[in-house]
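Listed below, chain by chain, are the residues.
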Amino acid sequence: MQQRTLGRTNRPVSVVGLGTWQLGADWGEVTESDAREVLEASAEAGVTFYDTADVYGDGRSEQLVGAFVAAHPDAGFTVATKMGRREEQVPANYVEANFRAWLDRSRRNLGVDTIDLVQLHCPPSAVIDDDATYDVLDRLVEEQVIAAYGVSVETADQALSAIARPHVASIQIILNAFRMKPLDAVLPAAEAAGVGIIARVPLASGLLSGKYDLDTTFAADDHRTYNRDGSAFDVGETFSGVDYATGVEAAQEFTQLVKDSGLDVTPAQAAIAWAWQLAGVSTVIPGARNVAQAQSNAAAGDVVQLPPPLLTAVADLYDRKIRAQVHDRW
Ligand SMILES: NC(=O)c1ccc[n+]([C@@H]2O[C@H](COP(=O)([O-])OP(=O)(O)OC[C@H]3O[C@@H](n4cnc5c(N)ncnc54)[C@H](OP(=O)(O)O)[C@@H]3O)[C@@H](O)[C@H]2O)c1
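All residue numbers refer to position in the chain's written sequence, counted from 1. For this predicted model, a pLDDT threshold of at least 70 governs which residues receive local features, and a threshold of 80 or more governs which side-chain atom pairs are given and counted, while totals over whole chains, interfaces and linings are taken from all residues. Heavy atoms from the whole structure form the basis of all side-chain values; hydrogens and water molecules are not counted.

**Some points on the overall build of the protein**
Point 1. A count of helices and strands for the protein gives twelve helices and ten strands.
Point 2. Across its three principal directions, the C-alpha atoms of the protein cover 55 × 40 × 40 Å.
Point 3. Approximately 12,900 Å² of the protein is accessible, and the part contributed by carbon and sulfur atoms is 49%. Starting at the N terminus, helices and strands are each numbered in turn, a helix being any DSSP run of H or I of at least four residues and a strand any DSSP run of E of at least two. Where accessible areas are quoted, they stem from the Shrake-Rupley method and a 1.4 Å probe; at the residue level, only the protein chains shown are allowed to cover.

Here it is, written out as structure tokens:
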């Protein structure tokens, strides 16, 4: 698996990482043994970057990732966690005492003294724009509570604000064939500044695998059931904010384009390769609910450069079917 430097962390990470929200909660049941197998299968396939958060299963994901990393002390893994969603997301909560308390809990969950990378977990814009946020984070780096910090964002404007800060190591943002806005300004700005880009939701919550249809149902405790209207968190995190029927239709067209390209890859692998092959992207973090998905996604790190006609056709699909719903919103 190809490695790239993750921005100002200066750490090498695999171009395909693993998102571990699924190993916490919110995606239907994933048992602990399945979760452990997903982590092991990813490592065997060359994945060295693992993204988690303190709220995924209220610490379950962090604990599973921590135990897994402890079992592979020489593997050179990088673990990124996130903080800021254990309290109401209002600026008054993004203060030093809370940062310290959240990080102490994550350090215990992960079993480490110093966290490789902590990301603010989609905070309000006022927090991203506030000097005081970065003053505290810089102090926490000095004290080696964290080795580096980044910001997970919802919008391109938030990404640009964070990229302009001198010590922000990485930005995490939704980037996939149904979310192309970051190509306009965010990727060039990150590349110029040496800030890493962690591309999340590369499969548009599974849509880009092409396997769902209008009759597909998801478990009651899966956000693809309960957050379609954005009632639990930003609607952009569920199917990238594309309404389900439009997403299914566009995903079927995406599947056909991949077939027509003659490449021997699944639509999900093409979607992941599309993201990691963009200039400026450091790593792509598909979520996997089982070993087969983890293996297939990791193998997308070896996909040859997608041919220009396929890239053009995917951009055209976005313009025709998706752009109007998402481009100016995030
Ligand atoms: N605010 C934030 O910072 C934030 C928000 C969202 C996500 N994230 C991070 O980004 C990661 C990835 O995003 P995501 O999990 O939301 O979305 P995603 O990676 O686009 O989609 C994951 C889903 O796609 C399906 N899938 C995965 N691999 C597949 C394969 N090879 N073939 C067919 N289907 C496959 C699975 O669902 P089924 O098995 O049910 O089909 C899986 O649960 C998360 O795990 C998390 O670490 C961060």
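**Let's talk about the UniProt feature "domain: NADP-dependent oxidoreductase" (unreviewed entry) in the protein**
Point 1. UniProt positions are given in the numbering used here, feature names are shortened, and annotations may be inferred rather than shown by experiment. Mapped onto this numbering, the UniProt entry annotates "domain: NADP-dependent oxidoreductase" (unreviewed entry) at residues 16-308.
Point 2. Here residues 16-308 is 39% helix and 12% strand, with 21 Å between the C-alpha atoms at its ends.

**A few points about the nonpolar core**
Point 1. Ranked by internal contacts, the top residues of the largest apolar core, which has 94 residues, are Tyr 50, Phe 99, Leu 137, Ile 146, Ile 171, Phe 178 and Phe 254.
Point 2. Element by element, the count of residues in this core is highest for helix H10 (residues 267-276), at eight residues.
Point 3. By definition, residues are in contact when any of their heavy atoms lie within 4.5 Å. Beyond its immediate chain neighbours, meaning those up to four positions away, Phe 254 contacts Ala 177, Leu 208, Pro 267, Ala 270, Ala 271, Val 314 and Leu 317.
Point 4. Counting residues in hydrophobic clusters, the runner-up holds nine residues, among them Phe 49, Ala 80, Leu 117 and Ile 285. The criterion is simple. A nonpolar core is a set of buried Ala, Val, Leu, Ile, Met, Phe, Trp, Tyr and Cys residues joined through side-chain atoms within 4.5 Å. Here the term buried applies to any residue with accessible area under 20% of the maximum for its type, exposed to any over 50%, and partly exposed to those in between, with areas from a 1.4 Å probe on protein chains only.

**A word on the pattern of salt bridges**
Point 1. The salt bridge criterion pairs a side-chain nitrogen of Lys or Arg with a carboxyl oxygen of Asp or Glu, the two atoms within 4 Å. In total, this model carries 18 salt bridges according to the counting rule given.
Point 2. Close ionic contact of Lys 82 with Asp 51 constitutes a salt bridge, the shortest N to O distance being 2.7 Å. In this pair, Lys 82 sits in strand E5 (residues 78-83) while Asp 51 sits in strand E4 (residues 49-51), placing the two residues 31 residues apart along the sequence. Like Lys 82, the residue Asp 51 is buried in the burial classification.
Point 3. With a closest N to O distance of 2.7 Å, Arg 200 and Glu 237 form a salt bridge. Residue Arg 200 is found in strand E9 (residues 196-200), and its partner Glu 237 is found in the loop between helix H8 (223-226) and helix H9 (244-261); the two are separated by 37 residues along the sequence.

**Considering the sheet that holds E4**
Point 1. For two strands to be treated as a pair, DSSP must find no fewer than two bridges joining them. With parallel pairing, eight strands are arranged side by side in an open sheet as E3-E4-E5-E6-E7-E8-E9-E10. Looking at strand neighbours, the two that pair on one side only are strand E3 (18-19) and strand E10 (283-285), the edges of this open sheet.
Point 2. Running over the sheet, helix H3 (residues 96-110) touches E5 and strand E6 (117-121) and is turned about 140° from E5. Each axis is a line fitted through C-alpha atoms, taken for helices only over the stretch in contact, and angles between the N-to-C directions span 0 to 180 degrees.

**What about the pairing of strand E7 (residues 149-152)?**
Point 1. The side-chain alternation of E7 yields two buried faces, one formed by Tyr 149 and Val 151 and the other by Gly 150 and Ser 152.
Point 2. Looking at chain direction, E7 and strand E8 (residues 168-174) are connected through four bridges and run parallel. Opposite Val 151, over in E8, you have Ile 171 as the bridge partner.
Point 3. Traced from E7 through helix H6 (residues 156-163) to E8, the parallel crossover comes out right-handed. A clockwise path from the first strand over the helix to the second, with the strands pointing away from the viewer, defines a right-handed crossover.

**Some thoughts on the side chain of Asp 54**
Point 1. Mapped onto the elements of the fold, Asp 54 is located in the loop between E4 and helix H2 (60-70).
Point 2. Residues counted as positive are Lys and Arg, residues counted as negative are Asp and Glu, and His and the chain ends are not counted. No salt bridge forms around the buried Asp 54; measuring N to O, its nearest opposite-charge neighbour Arg 86 is 4.7 Å away.
Point 3. The contacts of Asp 54, once residues within four sequence positions are left out, are Gly 59, Glu 62, Thr 81, Lys 82, Met 83, Gly 84, Arg 86, Trp 102, Arg 105 and Ser 106.

**A few points about unusual backbone geometry**
Point 1. A positive phi is found at Asp 58, a non-glycine position, where the angle reads about 50°.
Point 2. Following the sequence through the fold, Asp 58 ends up in the loop between E4 and H2.
Point 3. Of note in this structure, Ala 204 is not a glycine but carries a positive phi near 50°.
Point 4. Following the sequence through the fold, Ala 204 ends up in the loop between E9 and H8.

**Observations regarding H2**
Point 1. Three or more residues of H2 are buried, namely Ser 61, Glu 62, Leu 64, Val 65, Gly 66 and Phe 68.
Point 2. Turning to H2, the residues buried within the fold contact helix H1 (32-44), E4, E5 and H3.

**Here we look at the pairing of E9**
Point 1. Most of E9 is tucked away, with five of its five residues classed as buried.
Point 2. Here E9 shows a buried face lined by Gly 196, Ile 198 and Arg 200 and a second buried face lined by Ile 197 and Ala 199.
Point 3. Here E8 pairs with E9 via five bridges, running parallel. When the bridges of E9 are listed, Ile 174 appears paired with Arg 200.

**Notes on the packing of H2 against H3**
Point 1. For the pair H2 and H3, interaxial distance at closest approach is 7 Å and the crossing angle is 45°. Taken together, the axis directions place H2 and H3 in an arrangement best described as oblique. Seen from H2, the contacting residues are Glu 62, Gln 63, Val 65 and Gly 66; seen from H3, they are Ser 106, Asn 109 and Leu 110.
Point 2. In the contact of H2 with H3, the residues fall into two nonpolar, four polar and one charged. Between 65 and 115 degrees an angle is taken as roughly perpendicular, under 35 as roughly parallel, over 145 as roughly antiparallel, and anywhere else as oblique. Amino acids are sorted into nonpolar (Ala, Val, Leu, Ile, Met, Phe, Trp, Tyr, Cys and Pro), charged (Asp, Glu, Lys and Arg) and polar (every other residue, Gly among them).

**Describing the packing of H6 against helix H7 (residues 186-193)**
For any two helices packed against each other, the geometry is given by the interaxial angle and the distance between the axes.
Point 1. Viewed as axis vectors pointing N to C, H6 and H7 meet at an angle of 10°, and their least axial separation amounts to 10 Å. Classified by the angle their axes make, H6 and H7 are roughly parallel. Contacts between H6 and H7 involve Ala 156, Ala 159, Leu 160 and Ile 163 on the former and, on the latter, Val 186, Ala 189, Ala 190 and Ala 193.
Point 2. Residues belonging to the contact of H6 with H7 are distributed by class as follows: eight nonpolar, no polar and no charged.

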